[in-house]
Amino acid sequence: MANLSKAKVKIIHQAANLIKESHHVVALTGAGISTPSGIPDFRSPGSGLWTRYSPMEVASLTAFRYDPEHFYEWLHPLALTLFNARPNPAHLALVKLQSAGYLATIITQNIDGLHTRAGAKDVLDVHGTMSTLTCIDCFKQFPAEGILQEYISHCTTPHCRDCGGILKPDVILYEEQLPVKTWIKAEETSRKCDLMIIIGTSLEVMPSAKLPVFALEHGARLIVINRFETYIDVRAEVVIREDVADIIPKIAAEVLSG
Ligand SMILES: [Zn+2]
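Within the fold, Lys168 resides in strand β6 (residues 167-171). For Lys168 and Asn88, which are 80 residues apart along the polypeptide, the C-alpha to C-alpha distance reads 27 Å. In this structure Lys168 touches Leu61, Phe64, Tyr72, Leu133, Thr134, Ile136, Leu173 and Glu176, once residues within four positions along its chain are discounted. Looking at Lys168, its side chain comes within polar contact range of the main-chain oxygen of Val171, at 3.0 Å. Side-chain polar atoms of Lys168 contact the side chain of Glu176, separated by 3.4 Å.

What follows is the structure, given as structure tokens:
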């Protein structure tokens, strides 16, 4: 680490020590961990996806049921971006920590499936995932592979192989409840961890934004790694404002060096 500033070396050391001292570590990730993979934070203004239509007009459950063709047309650029994205060094570093027993669960607000594609286990997709689709008529679930490729190539609306009904990606749209079982697990794991690493999220989307509070209530410590300030920074042991794809591999390397 000869080329790093003293401040950076110190903060990497602090974060690594917290991880080594803890017994049950949970990561909570948001859009910022996927931006180095080329996925824009599609909730943020200026990313292009929300500029043509208001999200409520197309990305709500009512809109989907009323006009699924329009929804799939609107989703196409995002689906193409997600389909071509690959896990980045931050996703891979978390997998290394997890494989070595330093990280238990990853709770993610992202729908891109990149944690799982990087090889992570025990991932809780609290906002759903593009990895599966469900028929709105018979509720049969299908893996996205093949179906999404077909949609991306031809921009056709995917239909159920069994009943011909329309398939909906298992992402949480406006007006939809979070997936109950996944959410309960996320809440439970937040309440029993002794360290939560918050990565790439400004904690502005409820109810995920309150998971760190559950962790604090249990006496857990927090590390925040995010470009922007979050409401929980004042309660964190370590706050890091660095590029996640650069800093997380360095922290993981320090943990794994013994
Ligand atoms: Zn069906």
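Once that is clear, we can look at the coordination of the zinc ion. Within the protein, the zinc ion binds to Cys135 (SG), Cys138 (SG), Cys160 (SG) and Cys163 (SG); these donor distances fall in the range 2.3 to 2.4 Å. Here the zinc ion is ringed by 4 donor atoms whose angles at the metal span 100 to 118°, and the overall shape comes out tetrahedral. Mapping the donors of the zinc ion onto the primary sequence gives the spacing C-x2-C-x21-C-x2-C. Its relative accessible area of 34% is what places Cys138 among the partly exposed residues.

The subject of this paragraph is the sheet that holds strand β1 (residues 25-29). Taken together, the 6 strands give an open sheet; going across it, the order is β3-β2-β1-β7-β8-β9, and neighbouring strands pair in parallel fashion. Two strands in the sheet have a free side with no partner beyond their single neighbour: β3 (123-125) and β9 (238-240). The average undirected angle you get between the axes of adjacent strands in this sheet is 15°. Judged from the 4 bridges that link them, β1 and strand β2 (residues 105-108) form a sheet pairing that is parallel. Within the sheet, the bridge partner assigned to Ala27 lies in β2 and is Ile106. Relative to the sheet, helix α1 (residues 6-21) contacts β1, β7 (195-199), β8 (221-225) and β9, its axis offset from that of β9 by approximately 130°.

Applying the stated rule across the entire model yields 5 aromatic pairs. Judged by centre distance (5.4 Å) and plane angle (85°), the rings of Phe71 and Tyr72 are edge-to-face. The exposure class of Phe71 is buried, given its relative accessible area of 2%. Here the aromatic rings of Tyr72 and Tyr151 are separated by 5.0 Å at their centres, their planes lie at 70°, and the arrangement is edge-to-face. In this pair, Tyr72 sits in helix α4 (residues 68-84) while Tyr151 sits in helix α7 (residues 147-154), placing the two residues 79 residues apart along the sequence. Both residues of the pair, Tyr72 and Tyr151, belong to the buried class. Above the ring of Phe214, the side-chain terminus of Arg191 is found at 4.0 Å from the ring centroid.

Direction vectors running N to C along α4 and α7 enclose 115°, while the axes themselves pass 10 Å from each other. For the pair α4 and α7, the sense of crossing is left-handed. Across from Tyr72, Leu75, His76, Ala79, Leu80 and Phe83 in α4, the residues of α7 making contact are Gln149, Tyr151 and Ile152. The residue makeup of the contact of α4 with α7, split by class, is 7 nonpolar, 2 polar and no charged.

Sheet architecture is open: 3 strands sit in the order β5-β4-β6, paired in antiparallel fashion. Bordering the open sheet on either side are β5 (141-143) and β6, each of which pairs with just one other strand. With strand direction ignored, the average angle separating the axes of adjacent strands in the sheet is 40°. Pairing of strand β4 (residues 128-135) with β6 involves 4 bridges; the strand directions are antiparallel. Within the sheet, the bridge partner assigned to Gly128 lies in β6 and is Val171.

Analysis parameters
- Residues numbered from 1 in each chain as written.
- Predicted model: local features only at pLDDT ≥ 70, side-chain atom pairs only at ≥ 80, totals over all residues.
- Heavy atoms only, no water.
- Helix = DSSP H or I, 4+ residues; strand = E, 2+ residues; numbered from the N terminus.
- Contact = heavy atoms within 4.5 Å.
- Polar contact = N/O pair within 3.5 Å; in protein donor to acceptor, adjacent residues only side chain to side chain.
- Donors = N, O, S within 2.8 Å, 3.2 Å for Na, K, Ca; no water.
- Tetrahedral: all angles 85-135°; square planar, octahedral: opposite > 155°, others 65-115°.
- Buried < 20%, exposed > 50% of the residue type's maximum accessible area, 1.4 Å probe, protein only.
- Pairing = 2+ DSSP bridges.
- Axes fitted to C-alpha atoms, helices over the stretch in contact; angles between N-to-C directions.
- Phe/Tyr/Trp six-rings, centres within 6.5 Å; stacked < 30°, edge-to-face > 60°.
- Lys NZ or Arg CZ within 6 Å of the ring centre and 35° of its normal.
- Left-handed = near helix turned anticlockwise from the far one by under 90°.
- Nonpolar A, V, L, I, M, F, W, Y, C, P; charged D, E, K, R; others polar.

Scope: geometric values only; no functional claims are made or implied.
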